[in-house]
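Architecture at a glance
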Amino acid sequence: MNVHKMFEKRDGRRTLMVIAMVAGLVVLTGCESQADTQAGAEQGPPPPQVSVAQVLVEDVELWDAFTGRIEAVETVDLRPRVSGYIESVNYSEGQEVEKGDVLFVIDQRPYRAELERAEAELQRARARAELARSEAARAEALSQSRSISREELDQRRAAAATAEADILAAQAIAETARLNMEFTEVRAPIAGRTGRALVTPGNLVSEATPLTRIVALDRVHVHFHSDEQAYLRYDAMSRNGERAEFRGSSLPVRVGLANDEGYPYRGEVDFVDNHLDAEAGTILTRAVLDNSEGRFAPGMYARVQLLAGSAEDTLLIDDKAVLTDQDRKYVYVVDAEGRAMRRDVQLGRMADGLRVVAAGLEPGDQVVVNGAQRIFFPGMPVAAESVDMRGQAEGGNELAARP
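Residues numbered from 1 in each chain as written. Predicted model: local features only at pLDDT ≥ 70, side-chain atom pairs only at ≥ 80, totals over all residues. Heavy atoms only, no water.

Let me state the cut-off plainly: UniProt positions are given in the numbering used here, feature names are shortened, and annotations may be inferred rather than shown by experiment.
Per an unreviewed UniProt entry, the protein chain goes by Efflux RND transporter periplasmic adaptor subunit and derives from Billgrantia tianxiuensis. Under the Subcellular location (unreviewed entry) heading, UniProt states for the protein chain: "Cell inner membrane". Check the Sequence similarities (unreviewed entry) section of the UniProt entry for the protein chain; it says "Belongs to the membrane fusion protein (MFP) (TC 8.A.1) family."

Below is the structure:
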């Protein structure tokens, strides 16, 4: 008997048995994994969490937005009225001054001498006039007794009249000299903030020499340009009685500076230009703002909103709820069964931080304002959490930040 061959046969059968057992275990394991996968597929993932808010229905004011610049209501380029050498500068550059404050002093000595000479000439004219009146009076008395000729009487009357005229001329010269003396003190013609002093003591100035610039601060203007389409719309609304006249009425405006959020300042329109710029197609509009706190400075950039009208029972939603599909705008609305349904909408302008909806929604609709990116197809079940529409517009998107 061949013992070696006998053992080889036994090992082969044992190997086949092991292979068969392993294959059976693999088949059983695969069946169990497939059954678990099918059970998980039947269960499915949980519905996504979204925030929904009810469509607001409110009466709103509609505002048009423009850009503008702050300008001073009053601006004075200060110049002297007489020539001479600057003797002193009596203010600090950038200082706020009151009307009548002395800012510059011109050398007064030549003007004081001229004033004294003019006043002396006035006294001389008055003395001559007094003598001429006395002589004329004596001539009148002598003429009664025919002790003086008619010709001499007329001469003395003329001399008295000339002396009176000389007084008036001397008074005018003296008044001019007095004014020139006053003009040596260059005073602020308005109250406001001064600019840089353009001359320093010792410089010769004349009537054409600029000294500084003063801008009024208690009120400011904001200039902005509205386009022709807006102007025509305002005019049509005024003719239909839907709003006040664009001209001749104090239309309200809201203003915000470059670092402001929103439009915290209030003013009113006080001027609309009488023609449109043919090249730009715009018309200049001006509003006045209170600046008692000194917040505005001429030249500042300003964002301006002009009241365009009002609307009743307007549908409003948070602008973050609006999605875009090529050229169409849409939102998701959660129905009574908890499904997110698509609604195509027509949108209007912004009003108090919310978007006006012209068509596509109804009062009471629950609009998805946060988490819309988790909705993969219309009709998808969602877990809706109710929030306030206006609070979402003001408070931001907290749900979108969740993982």
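1. Focus on helix H4 (residues 228-239)
To keep it simple, the criterion reads: Only DSSP runs of H or I reaching four residues or more are called helices, and only runs of E reaching two or more are called strands; each is numbered from the N terminus. The span expected for a helix works out to 1.5 Å for each residue beyond the first. Per-residue accessibility, obtained with a 1.4 Å probe over protein chains only, is compared with the maximum for each type, and a residue is labelled buried under 20%, exposed over 50%, and partly exposed between these values. Working note: the arc is built from the helix axis to C-beta atom directions. Note on contacts: a residue pair qualifies if any of its non-hydrogen atoms lie within 4.5 Å across the two residues. Nitrogen and oxygen atoms within 3.5 Å of one another constitute a polar contact, given that in protein one can donate a hydrogen and the other can accept it, and given that sequence-neighbouring residues count only through two side-chain atoms.
Helix length check: H4 (12 residues) gives 16 Å between terminal C-alpha atoms against 16 Å at 1.5 Å per residue, within 8%. When H4 is considered as a whole, its buried residues turn out to be Ala230, Tyr231, Tyr234, Met237 and Ser238. One side of H4 carries all its buried residues, which in axial view fall inside an arc of 130°. For H4, the exposed residues lying more than 90 degrees away from the buried face are Gln229 and Arg239. Structurally, H4 contributes buried residues whose contacts are with strand E2 (56-72), strand E11 (219-227), strand E14 (282-290) and strand E15 (301-317). Where H4 begins, one side-chain oxygen reaches toward the backbone nitrogen of glutamine 229, 3.1 Å away; that side chain belongs to aspartate 227.

2. Quick look at the packing of aromatic side chains
Each aromatic ring pair is described using two quantities: the centre-to-centre distance and the angle formed by the ring planes. Worth spelling out the cut-off: A pair of Phe, Tyr and Trp rings is counted when the ring centres sit within 6.5 Å of each other, with Trp represented by its six-membered ring. The angle between the planes then sorts it: under 30 degrees is stacked, over 60 is edge-to-face, the rest tilted.
Applying the stated criterion across every chain yields a total of 4 aromatic pairs. Between the aromatic rings of tyrosine 91 and phenylalanine 104, the centroid separation amounts to 5.6 Å while the plane-to-plane angle is 70°, which identifies the pairing as edge-to-face. Of this pair, tyrosine 91 sits in the loop between strand E4 (84-89) and strand E5 (96-97) while phenylalanine 104 sits in strand E6 (residues 102-106), and the two are 13 residues apart along the sequence. The residues tyrosine 91 and phenylalanine 104 share a single accessibility class, namely buried. Their ring planes at 80° and their centres at 5.2 Å tell us that tyrosine 265 and phenylalanine 296 sit as a pair that is edge-to-face. One end of the pair, tyrosine 265, is in strand E13 (residues 265-272); the other, phenylalanine 296, is in the loop between E14 and E15, with 31 residues separating them in the sequence. The pair tyrosine 265 / phenylalanine 296 is uniform in exposure class, with both members buried.

3. Section: the pairing of E15
The condition is simple: Strand pairing is assigned whenever DSSP detects at least two bridges linking the two strands.
Among the 17 residues in E15, 12 count as buried, and that is most of the element. The sheet contact formed by E2 and E15 spans 13 bridges and is antiparallel. Within E15, the residue paired with arginine 69 across the bridge is tyrosine 301. Relative to E15, strand E12 (residues 252-257) is paired through 5 bridges, and the arrangement is antiparallel. If you follow valine 255 over to E15, its bridge partner there is valine 304. Both E15 and strand E19 (residues 354-359) contribute to a ladder of 3 bridges, which runs antiparallel.

4. Quick look at the nonpolar core
Put simply, the test is: Throughout, nonpolar core names a set of buried Ala, Val, Leu, Ile, Met, Phe, Trp, Tyr and Cys residues whose side chains join them through atoms within 4.5 Å. Start and end positions for the domains come from either an automated domain assignment or a database one.
One finds Leu103 and Phe104 to be the most contacted residues of the largest nonpolar core, which totals 24 residues. Residue assignment for this core shows that the elements contributing at least two residues are strand E3 (75-78), E6, helix H2 (109-144) and helix H3 (150-183). Three or more residues apiece are contributed to this core by two domains, here domain 3 (84-106 + 185-214) and domain 4 (108-183). Those residues in contact with phenylalanine 104 that lie beyond four places of it in its chain are Leu78, Ile86, Ser88, Val89, Tyr91, Thr184, Glu185, Val186, Ala197, Val199, Leu211 and Thr212. Core analysis: the second largest hydrophobic core is formed by 23 residues, Ala230, Tyr234, Ile283 and Leu306 among them.

5. A look at H2
With 36 residues, H2 extends 53 Å from end C-alpha to end C-alpha; this agrees with the ideal 52 Å at 1.5 Å per step. Among the residues of H2, Tyr111, Leu115, Ala118, Leu122, Ala125, Ala129, Ala132, Ala136 and Ala139 are the ones counted as buried. Against the buried residues of H2 lie H3. Note on H2: the residue one or two positions beyond its end, arginine 146, has a positive phi of about 55°.

6. Things to note about the pairing of E11
Two elements, E2 and E11, share 5 bridges in a ladder whose sense is antiparallel. Considered in E11, the bridge of glutamate 71 is made with histidine 221. Here E11 runs beside E14; their pairing, made up of 9 bridges, is antiparallel. Its bridge partner lying in E14, histidine 225 is registered against leucine 284.

7. Some words on the side chain of aspartate 107
Take aspartate 107: it is sitting in the loop between E6 and H2. Separated by 3.0 Å, the side chains of aspartate 107 and arginine 109 make a polar contact. If near-sequence neighbours (up to four positions away) are discounted, aspartate 107 is found in contact with Tyr85, Glu87 and Thr184.

8. A look at the pattern of salt bridges
Operational definition: Each salt bridge in this description consists of a side-chain nitrogen of Lys or Arg and a carboxyl oxygen of Asp or Glu lying within 4 Å of one another.
If you walk through the whole model with that rule in mind, you get 28 salt bridges. The partner of glutamate 96 in a salt bridge is arginine 193, and the shortest N-O contact between them spans 2.9 Å. Taken as a pair, glutamate 96 in strand E5 and arginine 193 in strand E8 (residues 192-194) lie far apart in primary sequence, 97 residues in all. Classification of glutamate 96 by relative accessible area gives exposed; the value is 52%. A network of salt bridges, in which partner residues are shared, links Asp325, Arg328, Arg342 and Asp344.

9. Structural notes on the sheet that holds strand E9 (residues 204-205)
Within the open sheet, the 4 strands sit side by side as E7-E6-E4-E9. Their pairing is antiparallel. Since the sheet does not close on itself, it has two edges, and those belong to strand E7 (185-187) and E9, each with one partner. Alignment of E4 against E9, held across 2 bridges, turns out to be antiparallel. Pairing of tyrosine 85 across the sheet is with leucine 204, part of E9.

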